[in-house]
Amino acid sequence: MMIAGFFFLIFFTGGNAFTVELRDDQQMPNDTITTGGNASGLLPQDVDQQISNGTFNREKEENNNGNCGYNDVVKFLNLNKGNDNYTLTRPVKNYNTVTEISHLMKVFGILDMKETEQLFISYIWVFLRWKNEHISWNPKEFCGLESITIPTELLWMPDLIIEEMTEKDRATTNPFLTIYSNGNVSFRNDHVVVSTCKMNVYKFPFDIQSCNLSFKSMTHTPREINLKTLENDKVITTWSKDLIETQDEWEFLNITVNNQTSDLDSFQSMLVYTITMKRRSVLYIANFILPILFFLILDLVSFLISDSGGEKLSFKVTVLLAVTVMQLILNDILPSSSNKVPLIALYCVGVFTLMLLSLLESILVMHLLDKDSATQNNKTDGDQSLRMKKCCHCAPVYDASPDETESVTKEDSSSKLMEASLNLKQVLNELEENGKTMNLLGSKRKDVKSGYWTRIAKRINKMFLIFYITTLTVFLGTMFSLWNSENY
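Model, not experiment: these values are computed from the prediction. (Residues numbered from 1 in each chain as written. Predicted model: local features only at pLDDT ≥ 70, side-chain atom pairs only at ≥ 80, totals over all residues. Heavy atoms only, no water.)

### A short note on the overall build of the protein chain
Along the protein chain, the regular secondary structure elements total 13 helices and 10 strands. When the accessible surface of the protein chain is totalled, it reaches about 30000 Å², and 58% of it is carbon and sulfur. (Helix = DSSP H or I, 4+ residues; strand = E, 2+ residues; numbered from the N terminus. Areas by Shrake-Rupley, 256 points an atom, 1.4 Å probe, with all protein chains shown as cover.)

### Quick word on the pairing of strand β2 (residues 119-131)
Remember that side chains alternate between the two faces of the sheet whenever the strand is regular. Of all the 13 residues making up β2, 10 are buried; the element is thus mostly covered by neighbouring parts of the structure. Bridge count for strand β1 (residues 99-114) against β2 is 11 bridges, and the pairing is antiparallel. Each residue of the ladder has a partner; that of leucine 104, found in β2, is phenylalanine 127. The turn joining β1 and β2, which pair antiparallel and follow one another in sequence, is formed by 4 residues; a positive phi near 55° is taken by glutamine 118. (Buried < 20%, exposed > 50% of the residue type's maximum accessible area, 1.4 Å probe, protein only. Pairing = 2+ DSSP bridges.)

### A short note on the state of the cysteines
Cysteine pairs can be linked by a disulfide, which is a covalent bond between their two sulfur atoms. What the rule picks out here adds up to 2 disulfides. At a sulfur-sulfur separation of 1.6 Å, the disulfide partner of cysteine 68 is cysteine 143. When the S-S torsion is -45°, as for the bridge of cysteine 68 with cysteine 143, the disulfide is left-handed. Placement of the pair is cysteine 68 in the loop between α4 (55-63) and α5 (70-77) and cysteine 143 in the loop between β2 and β3 (147-151), with a sequence separation of 75 residues. (Disulfide = S-S within 2.5 Å.)

### Looking at the confidence of the model for the protein chain
Taken over all residues, the pLDDT of the protein chain has a mean of 77, while the share at 70 or more is 69%. Across residues 391-400, confidence stays below pLDDT 50; counting only partners more than four residues off in sequence or on other chains, it has 8 contacts. Every residue in residues 404-409 scores below 50 in pLDDT, and together they form 4 contacts with partners more than four places removed in sequence or on other chains. (pLDDT = per-residue confidence, 0-100. Contact = heavy atoms within 4.5 Å.)

### Notes on the packing of aromatic side chains
Taken as a whole, this structure holds 13 aromatic pairs when the rule is applied. Members of the aromatic cluster, each reached through a chain of ring pairs, are Phe206, Tyr347, Phe475 and Trp483. (Phe/Tyr/Trp six-rings, centres within 6.5 Å; stacked < 30°, edge-to-face > 60°.)

### What to know about the sheet that holds strand β7 (residues 208-217)
Spatially, β4-β7-β10-β9 is the arrangement adopted by the 4 strands of the open sheet, whose pairing is antiparallel. Every interior strand has two partners, whereas the edge strands, β4 (160-162) and β9 (250-259), have only one. Taken pair by pair, the neighbouring strands of this sheet meet at an average axis angle of 20°, ignoring direction. One ladder, built from 9 bridges, connects β9 with strand β10 (residues 270-279); its direction is antiparallel. Residue pairing across strands places asparagine 254 opposite threonine 276, the latter belonging to β10. Sheet contacts for helix α7 (residues 233-243): β9 and β10; angle to β9, the most-contacted strand, approximately 150°. (Axes fitted to C-alpha atoms, helices over the stretch in contact; angles between N-to-C directions.)

### Describing the layout of surface pockets
Estimates place the volume of the largest pocket at around 370 Å³. Residue lining of the largest pocket: 17 residues in total, with Leu160, Ile161, Phe187, Asn189 and His191 positioned closest to the centre. Taken together, the elements giving at least two residues each to the lining of the largest pocket come down to β2, β4 and β6 (184-196). Residues belonging to the lining of the largest pocket are distributed by class as follows: 11 nonpolar, 4 polar and 2 charged. (1 Å grid on protein atoms, 1.4 Å probe; cavity = no way out; pocket = protein on both sides within 12 Å on 5 of 7 lines; lining within 4 Å. Points joined across faces, edges and corners; volume = space filled by probe spheres on them. Nonpolar A, V, L, I, M, F, W, Y, C, P; charged D, E, K, R; others polar.)

### Focus: helix α9 (residues 311-333)
In this model α9 runs 34 Å from its N-terminal to its C-terminal C-alpha over 23 residues, within 8% of the 33 Å that 1.5 Å per residue would give. For α9, every residue scored as buried is listed here: Lys312, Lys316, Val319, Leu320, Val323, Met326 and Leu330. (Expected span 1.5 Å × (residues − 1).)

### Details of the pattern of salt bridges
Inspection of every chain in the model, using the stated rule, returns 5 salt bridges. A salt bridge links lysine 81 to glutamate 153; its shortest N-O distance comes to 3.2 Å. Of this pair, lysine 81 sits in the loop between α5 and α6 (84-87) while glutamate 153 sits in the loop between β3 and β4, placing them 72 residues apart in sequence. The partner of arginine 279 in a salt bridge is glutamate 249, with the nearest N and O atoms 3.7 Å apart. One end of the pair, arginine 279, is in strand β10; the other, glutamate 249, is in the loop between α7 and β9, and 30 residues separate them in sequence. The same class applies to arginine 279 and to glutamate 249, which are both buried. (Salt bridge = Lys/Arg side-chain N within 4 Å of Asp/Glu carboxyl O.)

### So, the sheet that holds β3
Strand order across the open sheet formed by 6 strands is β3-β5-β6-β2-β1-β8, with mixed pairing between neighbours. The outermost strands of the open sheet, each flanked by one partner alone, are β3 and β8 (225-229). Within the sheet, the average angular offset between the axes of one strand and its neighbour, ignoring direction, is 30°. Packing against the sheet, α7 makes contact with β1 and β8, and its axis sits at approximately 45° to β1.

### Quick notes on the side chain of serine 302
Tracing the backbone shows serine 302 in the loop between α8 (282-301) and α9. Given a relative accessible area of 1%, serine 302 falls into the buried group. Those residues within four positions of serine 302 in sequence are excluded, and the remaining contacts are Lys312, Phe315 and Lys316.

### Examining the nonpolar core
One broad trend across soluble globular proteins is that nonpolar side chains are buried collectively. Among the nonpolar cores identified, the biggest contains 80 residues, and Met105, Ile124, Leu155, Ile179 and Tyr347 are the most heavily contacted of them. With 9 residues, helix α10 (residues 343-399) is the single largest residue contributor to this core. Leave out the neighbours within four places in its chain, and leucine 155 touches Leu79, Tyr86, Thr87, Asn132, Ile135, Ile150, Leu177, Ile179 and Val185. Residues Leu119, Ile121, Ala171 and Val194 belong to the second largest nonpolar core, which totals 5 residues. (Core = buried A, V, L, I, M, F, W, Y, C linked by side-chain atoms within 4.5 Å.)

### Some remarks on a nonpolar patch on the surface
Where nonpolar side chains cluster on the molecular surface, the patch consists of Leu290, Phe294, Ile297, Val301 and Leu304 and spans about 490 Å² of accessible area. For isoleucine 297, a relative accessible area of 43% translates into the label partly exposed. (Patch = residues over 30% accessible without salt bridge, like charges linked within 9 Å, V, L, I, M, F, W, Y side chains within 5 Å.)

### What to know about the environment of phenylalanine 142
Mapped onto the secondary structure, phenylalanine 142 falls in the loop between β2 and β3. Filtering out sequence-adjacent residues up to four positions away, phenylalanine 142 remains in contact with Asn67, Cys68, Asp72, Val73, Phe76 and Trp137.

The following block contains the structure:
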């Protein structure tokens, strides 16, 4: 029965069973030879499979446990201060190769802006990356180590400076840089930059300032070093707004970057970052613009004060001196090298001019009133003197009447006559003084309707009030339109 089944199987397979067994027998010696050269006894396709699965990598890392430290990479690269290949010149094997330096800057803070000295103080973060052709290693040989951090003195670094910088950097310089297995080198550092900035204070305190920070090499030309930015303006602006910590009185708006690389040997490759910011004007409005406007309103209200006394004149002088003090404060804030006169200076000069004209008008009106009052006083004094003379002439006639001389003796009559005349003179002097006082008080309390100069003073006062209000309205409207205009 088993024999019948075996022949039935041979018939069904067509005799291929013997062929298969024979081929397996033929391949055994080859397999034995192949696996004999492999320590693991695996076929080549099995080795490839293990490599793709990472099995061999782990075994290799286990076999390289002695090369897993940073010092191993340093020794392999021979990094030391005496190796001129790393520190002496640019890290290129062919001098015609241009070193590409990727640059990135972020603003951490706007510390101060000195208008009088035209200085811009900022706190920035700078990132540099370039290729060192003398550095490379296989991370697999060092347990997968792809980057290490070393002192900056061991490698060449680009000699970049900020062209507008005027003072030494007050921030601590980063003493380390990072190198990667593919030869890339990166360096990060913070800077406190005190730089010059050409300011436009025409619309102070509503001005918008733009200050440049230009990065360039001190000695290398564009054929040796080429600067380029890592990110565009929008990304840099977004990062800076997220990272900025302090803005002082300024509001950060944006950053733009411009590459001014030149092909001429006499120039350097340059990256210019333009920082745009807006001044916070609330404090200046509350502490400067509004007080001057209030002084102007007080000067306008002073027209309600009577011109007959000296109170109006002293009040106007006091307000004018207050505006002068505000101008002195403004002079300490604004730079003297401005190309155009700032609008706020025109505002102060305009207010000062209006107050000065108002003061001169008050002086003129008071002079006319005093002139008319003096004329009226002279006329009144003449009338009183005439009345006194008449009284003096009448008094002796009354004292020398025949009825009285008959009732007394000659001695009694002469003594009484002298006493009466003295009393009469004393009374007349008192009446004269009282009359002058009453005339002076009357001139202060009411205007002399019949005075010519008084009528002229009233007309001048009314006309000047209309002129003052009209000029003030036009002046304030002009200043407001200039401050809102876009053209500087």
